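# Reading the structure
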Amino acid sequence: MANPPVILTRPLAQALVQAAALTAQLRAAGREVVIFPCMEIHALNDYSALDQALKSLDRYAMIAFVSPNAIDVTLQRLTQLGLFLPRSLTIAVMGAGSKSALQQHGIDSSTHKIISPRDPERTDSETLLQVLDLTTLSGQQVLIVRGQNGRELLADALRQHGVLVTQVAAYSRAAPIFDADKQAQFLRLLNQGGDWVVSSSEILTTLLSWAQSIDHLGNFSATAGIEACVAKMQQQHLVVPHRRIAENGQILGFQSITLTGAGDERLLVALQSRL
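## Structural notes on the overall build of the protein chain
- Along the backbone of the protein chain there are 13 helices and eleven strands.
- Expressed as lengths along the three principal axes of its C-alpha atoms, the size of the protein chain is roughly 60 × 35 × 35 Å.
- Counting the 275 residues in the protein chain, one finds 51% classified as buried.
- Counting contacts in the protein chain only where the partners sit at least 6 residues apart, residues at least 24 apart contribute 70% of the total.
- When the accessible area of the protein chain is evaluated, it comes to approximately 13000 Å², of which 48% is carbon and sulfur surface.
- Counting 22 positive and 23 negative side-chain charges, the protein chain places the averaged centre of each group 4 Å from the other.

Written as structure tokens, this is what we have:
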């Protein structure tokens, strides 16, 4: 029996560029890789708030990036402004993906102090807070760069410890348009089954929302089509990098979840073990 496809649900640019090595290795191992973006990253109409913060980086003790997208946009804006990240500025990131994004811009532990969670299976705001020196940060200014409408947990926790937090958006997120072509591909993937690589809880919600709102029912009956489609989605095998995503998946009714830990290297090992 042929191996099920690996379905990458990351935003298109991440799937094509950042995951290019992963895709090549999987295909070399005989796995079919399907690019099926379930999230889009959009530029902001107005970068004035981000630019203003970047022009005053010397006032901050630390800059925290919540995602690789936040890093990419920030470094691009700095280049356009003719600026750079001061070597004295501590950088906080969530996981391996963000460290890789920094490295692509020439930033690593040899150029800056970089803080990230110790547990690769749980790289989020909660575990980042565990490794921060909150006593030292108290009374100092911290810049958080994130997407629009992101979680408030990190900012709120820092403020509770007396940290002066500035929070700015670098991009916005949205689900792709679920048009007829997307629906048809979605149904084909559900019927075929596969290893769905899911990098955020937001993507899980989008997948279930699509299953609940599908118009073109394909092989599902007209009377019980939506329920069958949702059940079929919940039966797909998920491969997730973070414990919080796995926990949210269980809450949403997904029945088969593999937790890999952060980083495409761990993801590759997990997917190869299913050959």
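What follows picks up the thread again.
## So, the sheet that holds strand β4 (residues 62–65)
- Read from one edge to the other, the open sheet built from six strands follows the order β3-β8-β7-β4-β5-β6, with strand pairing classed as mixed. A single partner strand is all that each edge strand has here, and the edge strands are β3 (40–42) and β6 (114–115).
- Pairing analysis gives seven bridges linking strand β7 (residues 141–147) to strand β8 (residues 164–174), with the strands arranged parallel. Bridge pairing links Val142 to Val165 in β8.

## Things to note about the side chain of Arg77
- Looking at where Arg77 falls in the secondary structure, it is placed in helix α4 (residues 68–81).
- Given the relative accessible area of 17%, Arg77 is considered buried.
- A polar side-chain atom of Arg77 sits 2.6 Å from a polar atom in the side chain of Asp51.
- Dropping the residues within four chain positions of it, Arg77 is found in contact with Tyr47, Leu50, Asp51 and Leu54.

## Re the sheet that holds strand β1 (residues 6–8)
- Sheet architecture is open: five strands sit in the order β2-β1-β9-β10-β11, paired in parallel fashion. Because the sheet does not close on itself, it has two edges, and the strands there are β2 (33–35) and β11 (256–259). Across the sheet, the mean angle separating the axes of adjacent strands is 25° when strand polarity is ignored.
- Examined bridge by bridge, strand β10 (residues 237–240) and β11 share four bridges and lie parallel to one another. Following the sheet pairing, Val239 is matched in β11 by Thr258.

## Notes on the confidence of the model for the protein chain
- Looking at the protein chain, pLDDT values average 89 and 93% of them are 70 or higher.
- Every residue in residues 219–223 scores below 50 in pLDDT, and together they form eight contacts with partners more than four places removed in sequence or on other chains.

## As for the packing of aromatic side chains
- Counted by the stated rule, this structure contains seven aromatic pairs.
- Each ring, one from Phe36 and one from Phe186, has its centre 6.2 Å from the other, and the planes form 5°; the classification is stacked. With a gap of 150 residues between them, Phe36 in the loop between β2 and β3 and Phe186 in helix α9 (residues 180–192) connect regions that are remote in the sequence.
- The exposure class of Phe36 is buried, given its relative accessible area of 0%.
- The ring of Phe36 carries the charged tip of Lys182 above its face, separated from the ring centre by 4.3 Å.

## Describing the nonpolar core
- Judged by nonpolar contacts, the single largest core of 27 residues is most densely connected at Phe36, Phe186, Trp196, Val198, Leu207 and Met233.
- Only α9, α10 (201–213), α11 (225–234), β10 and α12 (243–251) provide two or more residues apiece to this core.
- Broken down by element, this core gets its largest block of residues, six residues, from α10.
- Leu57, Ala70, Leu102 and Val168 belong to the second-largest nonpolar core, a separate cluster that totals 26 residues.

What counts, and at which threshold
Residues numbered from 1 in each chain as written. Predicted model: local features only at pLDDT ≥ 70, side-chain atom pairs only at ≥ 80, totals over all residues. Heavy atoms only, no water. Helix = DSSP H or I, 4+ residues; strand = E, 2+ residues; numbered from the N terminus. Buried < 20%, exposed > 50% of the residue type's maximum accessible area, 1.4 Å probe, protein only. Contact = heavy atoms within 4.5 Å. Areas by Shrake-Rupley, 256 points an atom, 1.4 Å probe, with all protein chains shown as cover. Lys, Arg positive; Asp, Glu negative; His and termini not counted. Charge placed at Lys NZ, Arg CZ, Asp CG, Glu CD. Pairing = 2+ DSSP bridges. Polar contact = N/O pair within 3.5 Å; in protein donor to acceptor, adjacent residues only side chain to side chain. Axes fitted to C-alpha atoms, helices over the stretch in contact; angles between N-to-C directions. pLDDT = per-residue confidence, 0-100. Phe/Tyr/Trp six-rings, centres within 6.5 Å; stacked < 30°, edge-to-face > 60°. Lys NZ or Arg CZ within 6 Å of the ring centre and 35° of its normal. Core = buried A, V, L, I, M, F, W, Y, C linked by side-chain atoms within 4.5 Å.

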